[in-house]
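# Commentary on secondary and tertiary structure
The chain contents come next:
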Amino acid sequence: MAKKEWYKWTVEFKVHRTWVQDGFDLTDERALDMLSEDLQYANIESELKAKVLSAPDPNEVAQEMGYKDAADKARKDAGDWSDPKTA
């Protein structure tokens, strides 16, 4: 029998809306960062992988954070705080 190179865990996270309103949004990068915090000596480039398989609607998450929608959040995250109606 061949030895496995990778082992896989499938997990479910549930986060109270208070934390989403405060800015929490689980991305692949954030999940990898969380995993690497626990496995501090692992090589993050070659020994760890993380992928968000499903997530809440991006518009709903952005609205919980106080944005109009996901596009508004992305625009403001990029530093553009102008009003798109007047731009």
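Residues numbered from 1 in each chain as written. Predicted model: local features only at pLDDT ≥ 70, side-chain atom pairs only at ≥ 80, totals over all residues. Heavy atoms only, no water.

This part takes up the overall build of the chain. Along the backbone of the chain there are four helices and zero strands. Along the chain, from the amino end to the carboxyl end, the secondary structure elements read α-α-α-α. Taking 12 Å as the expected radius of gyration for a compact globule of 87 residues, we find that the chain reaches 17 Å, considerably beyond that expectation. Its C-alpha atoms give the chain principal-axis dimensions of roughly 65 × 25 × 25 Å. By residue count, 16% of the 87 residues in the chain fall in the buried class. Considering only contacts within the chain whose residues lie at least 6 apart along the sequence, 33% involve residues at least 24 apart. Entry remark: accessible area of the chain is about 7900 Å², with carbon and sulfur atoms responsible for 51%. Side-chain charges in the chain split into 13 positive and 19 negative, and the spacing between the mean points of these groups amounts to 5 Å. (Helix = DSSP H or I, 4+ residues; strand = E, 2+ residues; numbered from the N terminus. Rg over C-alpha atoms; globule rule 2.2 N^0.38 Å. Buried < 20%, exposed > 50% of the residue type's maximum accessible area, 1.4 Å probe, protein only. Contact = heavy atoms within 4.5 Å. Areas by Shrake-Rupley, 256 points an atom, 1.4 Å probe, with all protein chains shown as cover. Lys, Arg positive; Asp, Glu negative; His and termini not counted. Charge placed at Lys NZ, Arg CZ, Asp CG, Glu CD.)

Buried residues of helix H2 (residues 28-38): Ala31, Leu32 and Ser36, and no others. Seen end-on, H2 carries its buried residues on one side only, within an arc spanning 135°. With respect to the buried face of H2, the exposed residues turned more than 90 degrees away are Glu37 and Asp38. (Arc of directions from axis to C-beta.)

Next up on the list: the confidence of the model for the chain. On average, the chain scores 93 in pLDDT, and the residues at 70 or more come to 98%. The spread of mean pLDDT over the elements of the chain runs between helix H4 (residues 70-77), the lowest at 93, and helix H1 (residues 17-21), the highest at 97. (pLDDT = per-residue confidence, 0-100.)

Let's shift gears to the packing of aromatic side chains. Here a ring pair, both rings aromatic, is described through the centre-centre distance and the interplanar angle of the planes. The tally for this structure, following the rule as stated, stands at zero aromatic pairs. Cation over ring: Lys49 sits above Trp6, and NZ or CZ is 4.3 Å from the ring centre. (Phe/Tyr/Trp six-rings, centres within 6.5 Å; stacked < 30°, edge-to-face > 60°. Lys NZ or Arg CZ within 6 Å of the ring centre and 35° of its normal.)

To continue, consider the side chain of Arg75. Within the fold, Arg75 resides in helix H4. Residue classification places Arg75 among the buried residues on the basis of a relative accessible area of 18%. In this structure, Arg75 is in contact with Asp80, Trp81, Ser82 and Pro84, ignoring residues within four places of it in sequence.

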